[in-house]
Amino acid sequence: MPNKKVLIIGIDGGDINVFDRIGMGFLQKLRVSGIAGPIRNATSDDRGWATLLTGTDASWHGGFYWIPDRAQYAVSDSFTSQDYKSEPLWRTLSNAGLTQGYLGVPTTFPPQDIKGFFVSGGGGGKFPDLRDSVYPQSFLEENREMFEDYILDCRYRTYHDSAPSRLVNDLISATKKRTEVISGLITKYNPDLLMSVFVGPDRLQHYFWRIIFGKESERYKDLRNVIIEYYAALDRALCRLIDRFAGERNVLFVSDHGFSEYTHDLNMNLLLHDLGFAKIRRKTPLSAAASFLRKRLSRRVKHWIKSKNSVIRPRPGLKGIEWGSTQAFSNMARGVWLNTEGDYPSGVVKSHEYIQMREKIMAALTGCRNPLDGTPLFTRVINREEVYSGPLTGLAPDILIETRDCYKVTNDISLPGILTTAPAPEFGTSRLPAAMSGIHGAYGFFSAAGPDIKNSGGENAVYSAISFAPLVKKLLGIFDGDAGEFNGIIS
Ligand SMILES: [Zn+2]
């Protein structure tokens, strides 16, 4: 059984196709010396980092991106290190007496009490400062110099009014600094496991997909060059970490999900309305047209409308659904919830009708055609028990759907059609674009190199995110069981 030390480098939103299209050398290096391939979660609604850190899906750890708030039909969107309902890696390794270090892993705030050091990542709805993010506090004192200018995370919210180049430059600085700190801490403490996550690809691909790969790449060539500089900096950092550590440790690279262009909004509630399972208060064609226009108007015009106190007002998500006549609804997740009696304030589906109603809706969804090209709209329509088996399965949508990655499920019922073109972001040099042009894709990426990693000399099968934590424990020599598709990569 191997018992070498492990370095995990996470790349939030890291996607093998993106890396290949940009042409990143670290991936070539890993293909030559180790292994590389796609990885996926049980569904796109699982929080990937929580799955990678626990070896369980969201029905066990509880980290679904979207959970319906039963009182208000709204969604909650926050997940902290205290919310894990299945055992995270840091706890298992602590119990095994191993030393560990965590540096900026999303969904790990507040910091946890372990043998080693724990610097939380941002995310989970939290924007902590460095002092609140570190365990133990003495660690920060001991390494004050190393953490000077350390950037915890670059969240959009704090950059909305900034030039895109400021965000990119901060991400470049954060990447360089993080790489220095990783190397410095391994040299100084040599922990059994060190895990750190780079967040830049997720942040940039959400906002600038159309510039990186899409139809705006010619027009905004200068900004594209600035963004490509970030990928070059990341590539250099990753190559350096491989060269420095893959000789002595097993180095694993992993992402929480992949990425895709965002081309259309999929208005599931309107679809359910058309199929007869939801009732949306009818709007006059004029007000529907007005709210559609409002979404497509430039920021300046919107501001003007606001200042004129116009009647065109934002229409919050699910407002307009007549709950008393609605059997099923959707709310951002790739799925459909049934409006069950007892669970929701105006629930109408009785428990004895549940199975039959669910099957009826699934059959209707399976038959849906894409209004744009007549192909099946969903590549998969299944009930949640076909994917999930944990104690928190009830938090998942009753029906799970798969459709093209580039379709974003929206809860905005004011959109005029089932499938509407995504808003075109305005790009400029003084502000971040207000609208996203990239969204999460189903397939993330995994690769590895090191003393115990087989050299496969090419691409491999699709890995399951739930097998990642077992792989880490196996490589550390504290687990002899099954690591799924990863069993075969250990030499
Ligand atoms: Zn993201």
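Only a predicted model underlies this, so the values are computations on that prediction, with no experimental measurement involved.

A. Inspection of the environment of Ile 9 at higher detail. With respect to the secondary-structure elements, Ile 9 resides in strand 1 (residues 6-11). As a C-alpha pair, Ile 9 and Ser 447 span 438 residues in sequence and 9.9 Å in three-dimensional space.

B. Inspection of the sheet that holds strand 20 (residues 463-464) at higher detail. The 9 strands lie next to each other as 7-6-5-8-1-9-19-2-20, forming an open sheet whose pairing is mixed. The open sheet has two free edges, formed respectively by strand 7 (134-135) and strand 20, since each of these has just one partner strand. Relative to strand 20, strand 2 (residues 35-40) runs parallel, the two sharing 2 bridges. Across the sheet, the residue bridging to Ile 39 is Tyr 463, located in strand 20. Where helix 2 (residues 25-33) meets the sheet, its contacts fall on strand 2, strand 9 (250-254) and strand 19 (443-449), and the angle it forms with strand 19 comes to roughly 60 degrees. Across the sheet, helix 7 (residues 164-189) lies against strand 5 (100-105), strand 6 (116-120) and strand 8 (193-198), angled at about 180 degrees from strand 8, the strand it touches most.

C. Seen up close, the sheet that holds strand 16 (residues 407-410). Overall, mixed pairing links the 3 strands, which are arranged 16-11-17 in an open sheet. Two strands close off the open sheet at either side, each with one partner strand: strand 16 and strand 17 (419-421). Put simply, the sheet's adjacent strands are angled 35 degrees from each other on average, direction ignored. Here strand 11 (residues 264-267) pairs with strand 17 via 3 bridges, running antiparallel. Bridging from a neighbouring strand, Leu 266 pairs with Leu 419 of strand 17.

D. Expanded view of the domain arrangement of the protein chain. Partitioning the protein chain into structural domains gives domain 1 (6-261 + 441-489) and domain 2 (264-421). Computed over C-alpha atoms, the centres of domain 1 and domain 2 are 31 Å apart. Tallying the contact residues gives 24 residues for domain 1 and 22 residues for domain 2. For the side of domain 1 that touches domain 2, the secondary structure elements donating two or more residues are helix 4 (58-61), strand 3 (67-69) and strand 10 (258-261).

E. Examining the packing of helix 2 against helix 9 (residues 221-245) more closely. One way to put it is that helix 2 packs onto helix 9 with a least axis distance of 8 Å and a crossing angle of 30 degrees. It follows from the interaxial angle that helix 2 and helix 9 lie roughly parallel. Contacts from Gly 25, Phe 26, Lys 29 and Leu 30 in helix 2 reach Asp 235, Leu 238, Cys 239 and Ile 242 in helix 9.

F. Representation of the confidence of the model for the protein chain in the model. On average, the protein chain scores 89 in pLDDT, and the residues at 70 or more come to 90%. Ignoring residues within four places in sequence, the model shows residues 300-316, a span with pLDDT below 50, making 8 contacts including any to other chains.

G. Representation of the nonpolar core. Ranked by size, the top nonpolar core spans 88 residues in total, and within it Val 251 and Val 472 carry the most contacts. Ranked by the residues each element gives to this core, the list is headed by helix 9, at 11 residues. Ignoring sequence-local partners within four residues, the contact set of Val 251 consists of Leu 7, Ile 9, Leu 241, Ile 242, Phe 245, Ala 246, Ala 448, Ala 449 and Gly 450. One finds Leu 271, Val 336, Ile 361 and Tyr 388 within the second-largest nonpolar core, a separate group that totals 39 residues.

H. Here's a closer look at helix 8 (residues 200-212). Its 13 residues place the ends of helix 8 only 13 Å apart at the C-alpha level, less than the 18 Å of an ideal helix rising 1.5 Å per residue. The largest bend in helix 8 comes to about 65 degrees, at His 206. Most of helix 8 sits inside the fold, with 13 of its 13 residues counted as buried.

I. Expanded view of unusual backbone geometry. In this structure, the amide linkage connecting Phe 109 to the following residue, Pro 110, adopts the cis form with an omega of 0 degrees. For Pro 110, the position within the fold is in the loop between strand 5 and strand 6. The peptide bond linking Tyr 135 to Pro 136 adopts the cis configuration, its omega dihedral lying at -10 degrees. Along the chain, Pro 136 falls in the loop between strand 7 and helix 6 (137-142). A positive phi angle, near 45 degrees, is found at Asn 190, a position not held by glycine. Here Asn 190 lies in the loop between helix 7 and strand 8. For Met 332, which is not glycine, the phi torsion reads 80 degrees and is therefore positive. Position of Met 332 relative to the elements: it lies in the loop between strand 12 (328-329) and strand 13 (335-338).

Definitions and cut-offs
Just so you know, the residues in each chain are numbered from 1, in the order the chain's sequence is written. It should be noted that, the model being predicted, local features are given only for residues of pLDDT at least 70 and side-chain atom pairs only at 80 or more, the latter also being counted only at that level, while totals for whole chains, interfaces and linings use all residues. A run of DSSP states H or I qualifies as a helix once it reaches four residues; a run of E qualifies as a strand once it reaches two. Both are numbered from the N-terminal end. Think of it this way: DSSP has to see at least two bridges between two strands before they count as a pair. Residues are scored as being in contact if the C-beta atoms we place from backbone atoms lie within 7 Å. To obtain an axis, a line is fitted to C-alpha atoms, over the contacting stretch when the element is a helix, and the angle between two such axes runs from 0 to 180 degrees between their N-to-C directions. Each domain's extent is set by a domain assignment, obtained either automatically or from a database. Any angle from 65 to 115 degrees is called roughly perpendicular, while one under 35 is roughly parallel, one over 145 is roughly antiparallel, and all others are oblique. Scored from 0 to 100, pLDDT reflects the predictor's confidence in each residue. A set of buried residues qualifies as a nonpolar core if it consists of Ala, Val, Leu, Ile, Met, Phe, Trp, Tyr and Cys joined through C-beta atoms within 7 Å. Buried residues are those with 20 or more other C-beta atoms within 10 Å of their own C-beta, exposed residues have 12 or fewer, and partly exposed residues lie in between; C-beta atoms are placed from the backbone. A helix is expected to reach a length of 1.5 Å times the quantity of its residues less one. We define the bend at each residue as the angle formed by axes fitted to the 7 residues ending at it and the 7 residues starting at it.

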